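Report on the structure
Residue-level listing of the chains:
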Amino acid sequence: MYIGLLQIYFIVPWLASCFRQSGARVVVSARTYADFTPQATFDIKKCDLHKLEEGPPLQAMLSREEGLQYYRTMQTMRRMELKADQLYKQKIIRGFCHLYDGQEACAVGIEAGINLSDHLITAYRAHAYTLTRGGTVREIMAELTGRRGGIAKGKGGSMHMYTKNFYGGNGIVGAQVPLGAGVALACKYLGKNELCVCLYGDGAANQGQIFETYNMASLWKLPCIFICENNKYGMGTSVERAAASTDYYKRGDFIPGLRVDGMDILCVREATKFAAEHCRSGKGPILMELQTYRYHGHSMSDPGVSYRTREEIQEVRSKSDPISMLKDRMLSNNMASVEELKEIDVEVRKEIEDAAQFATTDPEPPLDDLCNHIFYNNPPMEVRGTNPWTKLKSVS
Amino acid sequence: MTVTVRDALNQAMDEELERDERVFLLGEEVAQYDGAYKVSRGLWKKYGDKRIIDTPITEMGFAGIAVGAAMAGLRPICEFMTFNFSMQAIDQVINSAAKTYYMSAGLQSVPIVFRGPNGASAGVAAQHSQCFAAWYGHCPGLKVVSPWSAEDARGLLKSAIRDDNPVVFLENELMYGVPFEMSEEVQSKDFLIPIGKAKIERQGNHITLVSHSRMVSLCLDAAAVLAKEGIECEVINMRTIRPLDAEAIETSIMKTNHLVTVEGGWPQFGIGAEILAWIMEGPAFNYLDAPAVRVTGVDIPMPYAKILEDNSIPQIKDIIFSVKKTLNV
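Residues numbered from 1 in each chain as written. Chains lettered and ligands numbered in written order. Predicted model: local features only at pLDDT ≥ 70, side-chain atom pairs only at ≥ 80, totals over all residues. Heavy atoms only, no water.

**Points about the overall build of chain B**
Within chain B one finds 13 helices and 14 strands. The dimensions of chain B, computed from C-alpha atoms along their principal axes, are 60 × 45 × 40 Å. Across the 329 residues that make up chain B, the buried fraction comes to 60%. Carbon and sulfur atoms make up 55% of the accessible area of chain B, which amounts to about 12600 Å² in all. On chain B, the mean spot of the 30 positive side-chain charges and the mean spot of the 41 negative ones are 2 Å from each other. (Helix = DSSP H or I, 4+ residues; strand = E, 2+ residues; numbered from the N terminus. Buried < 20%, exposed > 50% of the residue type's maximum accessible area, 1.4 Å probe, protein only. Areas by Shrake-Rupley, 256 points an atom, 1.4 Å probe, with all protein chains shown as cover. Lys, Arg positive; Asp, Glu negative; His and termini not counted. Charge placed at Lys NZ, Arg CZ, Asp CG, Glu CD.)

Quick look at the structure:
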């Protein structure tokens with residue numbers, strides 16, 4: 001009896017932590033693998049199509065393993081953003097902080113439809129993408145708190161995080177779209193069958209440079225998936241007040257488009273797979289509109305209730321939350337147990353706590369890093385300080 | 001009574017909207033949101049959709065629309081949420097607004113005000129912290145104004161709106177909430193500060209400090225510290241970047257024989273660089289007892305981490321250091 005308890009409370013979790021790296025899991029539950037449904041097929045919403053004969057499939061297969069992984073990742077994003085909210089209110093995070101909670105199905109669904117060797121670029125609501133593109137919660141949080149362990153060494157902050165094949169994190173609305181098409185041009189040029197996912201919001205969708213980009217991407221058949229994350233508000237302005245046409249998936253005109261339920265991770269994944277196939281087959285760009293919702297205001301300085309009602313926010317939370325939807329699907333199809341998902345929640349909470357602990361105790365960047373990273377591959381140079389007698393050192 | 005810079009700007013716009021039917025405000029979140037920084041609070045409620053217009057996030061487009069409206073007889077106030085975003089529209093500001101009166105040989109004027117916060121804020125990182133005073137100050141055909149106090153904000157914004165030329169009005173986010181004493185005279189509806197005239201905020205005999213916007217506060221703070229050591233600084237608040245009030249600076253140098261300029265922007269080809277060049281070329285050069293010197297932001301993109309950001313812009317100690325070096329004490 002005593003040994004049994006030892007197993008459950010010490011040895012099994014220890015074993016579980018050993019296995020975490022490899023992706024296998026030891027499940028602390030009375031049930032075994034054989035009890036769970038290994039795979040199920042779900043009906044998903046039909047996408048509205050623009051200049052397309054056919055769209056993504058109306059059914060999606062989900063394996064137990066995939067489901068648990070999507071759940072874990074979305075929950076990690078959710079908790080990470082909520083922790084950022086807390087740290088911002090404590091003034092440990094400063095400046096701009098644009099949170100993604102509510103939109104998790106988009107980031108996770110997109111990544112599930114492409115490869116890590118593909119490329120992705122987005123605007124400033126970017127913490128979740130930094131995670132899906134290979135960043136760790138620790139280095140993301142430490143970047144938010146401006147510490148040397150941050151993913152950009154504390155020099156970029158919330159809006160300027162980068163990883164391999166992830167081009168940020170961009171502060172100027174719309175500017176990331178031509179950049180994304182440029183990445184796609186390089187993909188085509190280098191011939192490695194890679195593509196670029198290029199994200200922007202409903203507010204950015206009216207930017208002129210986006211239409212210039214549509215034109216060139218189409219002319220030159222660039223392997224670019226344009227994705228409009230339509231969360232209904234561009235800062236404090238609702239879509240009806242900003243756009244003469246809110247059919248963002250049609251705004252590419254000559255570019256085929258899909259309108260996707262962005263709260264359903266399976267919908268997003270299937271649409272992304274469909275779009276990726278379109279690009280990789282040399283047909284040129286394609287546009288996806290993900291209909292999604294952000295629970296927070298535009299940024300931490302926006303309470304988010306002057307231009308929309310609390311009832312609206314509450315309604316989305318209770319009826320369309322992406323994490324709840326996945327959870328319900330898995331539970332009602334016997335693909336996971338309640339305890340199992342709770343355990344993931346506990347682990348996620350711990351990961352976030354550890355990351356926050358790191359992010360608040362790691363030291364700030366050293367002063368002698370101030371002037372570094374001006375130029376790449378450049379000999380060391382002198383940089384003028386605040387006055388002519390202060391000469392600072394800059395290395396690549 | 002005390003008035004914050006934000007309220008001074010708000011009241012100035014309110015009064016000018018009331019005074020002249022042709023004045024209107026457009027920009028992102030200026031109407032129903034009350035302004036991203038609440039500078040236009042209450043204006044949409046009072047004046048409605050026709051006079052206070054929320055635009056989509058499309059700077060190049062709405063700046064062009066504003067310039068066109070000015071050409072056709074209206075008097076727009078075009079707000080950039082920050083001047084960083086004006087880079088998206090700068091062609092319209094320079095090529096369509098600034099140069100047109102000249103190109104048309106006096107036929108077509110452009111009575112427009114471009115306003116918004118400029119320069120460093122707190123923790124907003126590289127793409128949101130640039131100072132555009134030097135960029136806009138470079139261009140003939142533009143007037144460029146950079147208020148410091150609430151009185152400056154009020155008087156200069158009114159003058160800018162009443163001016164028949166394109167005026168770039170550089171505010172500062174960190175100054176919005178700062179309260180200043182405002183006399184009865186300044187509160188009157190026709191109180192105007194002339195564009196192109198600097199103000200001496202503090203008299204002194206030993207050295208001239210020339211600055212604009214938030215850095216004026218730092219100069220005054222530095223001057224207070226230096227006064228305890230017997231060094232009396234004359235602090236000049238430029239108020240206008242273009243046209244530069246070189247005469248005020250020269251007159252001061254002829255009295256103090258020493259000059260330090262202080263700005264938040266980058267050093268190369270900047271405000272300080274321009275002032276030093278003017279002084280070299282003008283009558284005040286012979287009155288300098290030491291080379292004139294610039295205190296500026298560090299020549300790097302703005303970092304995010306607090307310790308790095310604090311060391312990227314002039315601090316009071318940098319001004320004090322430069323004054324003492326210049327005075328050789």
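What follows continues from the structure just given.
**Details of the UniProt feature "domain: Dehydrogenase E1 component" (unreviewed entry) in chain A**
Within the UniProt annotation, "domain: Dehydrogenase E1 component" (unreviewed entry) is assigned to residues 72–366 of chain A. Taken as a whole, residues 72–366 of chain A contains 46% helix and 11% strand, while its terminal C-alpha atoms sit 35 Å from one another. (UniProt positions renumbered as here; feature names shortened; annotations may be inferred.)

**Description of the UniProt feature "domain: Transketolase-like pyrimidine-binding" (unreviewed entry) in chain B**
Mapped onto this numbering, the UniProt entry gives "domain: Transketolase-like pyrimidine-binding" (unreviewed entry) at residues 3–178 of chain B. Between the C-alpha atoms that bound residues 3–178 of chain B there is a distance of 8 Å. The span itself is 39% helix and 16% strand.

**Describing the sheet that holds strand β4 (residues 119–121) of chain A**
Backbone-to-backbone hydrogen bonds join strands into a sheet, with any given pair of strands oriented parallel or antiparallel. All names here are of chain A. Read from one edge of the open sheet, six strands run β2-β9-β10-β6-β5-β4, paired in mixed fashion. Both edges of this open sheet fall to β2 (48–50) and β4, since each of them pairs with a single strand only. Each strand of the sheet is rotated relative to its neighbour by a mean of 20°, with strand direction disregarded. Across six bridges, the pairing between strand β5 (residues 196–201) and strand β6 (residues 224–230) is parallel. Within β6, the residue paired with cysteine 198 across the bridge is phenylalanine 226. Docked against the sheet, helix α7 (residues 208–219) engages β5, β6 and β10 (286–291), running at close to 150° with respect to β6. Of the strands in this sheet, β6, β9 (257–261) and β10 touch helix α9 (residues 265–280), which is tilted by about 170° from β10. (Pairing = 2+ DSSP bridges. Axes fitted to C-alpha atoms, helices over the stretch in contact; angles between N-to-C directions. Contact = heavy atoms within 4.5 Å.)

**A few points about the nonpolar core**
Tyr200(A), Phe226(A), Ile319(B) and Val323(B) are the most contacted members of the largest nonpolar core, which has 99 residues in total. Here this core takes seven residues from helix α9 (residues 215–227) of chain B, the largest share from any one element. Listed in part, the 73 residues of the second largest apolar core include Ala105(A), Ile265(A), Leu266(A) and Met330(A). (Core = buried A, V, L, I, M, F, W, Y, C linked by side-chain atoms within 4.5 Å.)

**Points about the interface of chain B and chain A**
The interface of chain B with chain A comprises 46 residues on the first partner and 47 residues on the second. Carbon and sulfur atoms make up 61% of the surface buried where chain B meets chain A, a total of about 3700 Å² over both sides. Area buried by chain B at its contact with chain A is led by Tyr33(B), Ile57(B) and Tyr304(B), which between them contribute 20% of it. For the pair chain B and chain A, the interface holds two salt bridges. (Buried area = accessible area lost by both parts, 1.4 Å probe. Salt bridge = Lys/Arg side-chain N within 4 Å of Asp/Glu carboxyl O.)

**Focus on unusual backbone geometry**
Here Arg242(B) and Pro243(B) are connected by a cis peptide whose omega angle stands at 0°. Positive phi values are uncommon outside glycine, yet Lys153(A) reaches one of about 55°. Examined against the element boundaries, Lys153(A) turns out to sit in the loop between α5 (137–144) and α6 (176–190). A residue is classified by how much of its surface remains accessible, and Lys153(A), at 44% relative accessible area, is partly exposed. In this structure, Asn377(A) is a non-glycine residue whose phi angle is positive, near 55°. Take Asn377(A): it is sitting in the loop between α12 (338–361) and β11 (381–384).

**What about the pairing of strand β1 (residues 39–43) of chain A?**
Residue and element names in this part refer to chain A. Along β1, the buried face is formed by Ala40 and Phe42; none of Gln39, Thr41 and Asp43, which line the opposite face, is buried. Pairing of β1 with strand β3 (residues 59–63) involves five bridges; the strand directions are antiparallel. Bridge pairing in β3 places phenylalanine 42 opposite alanine 60.

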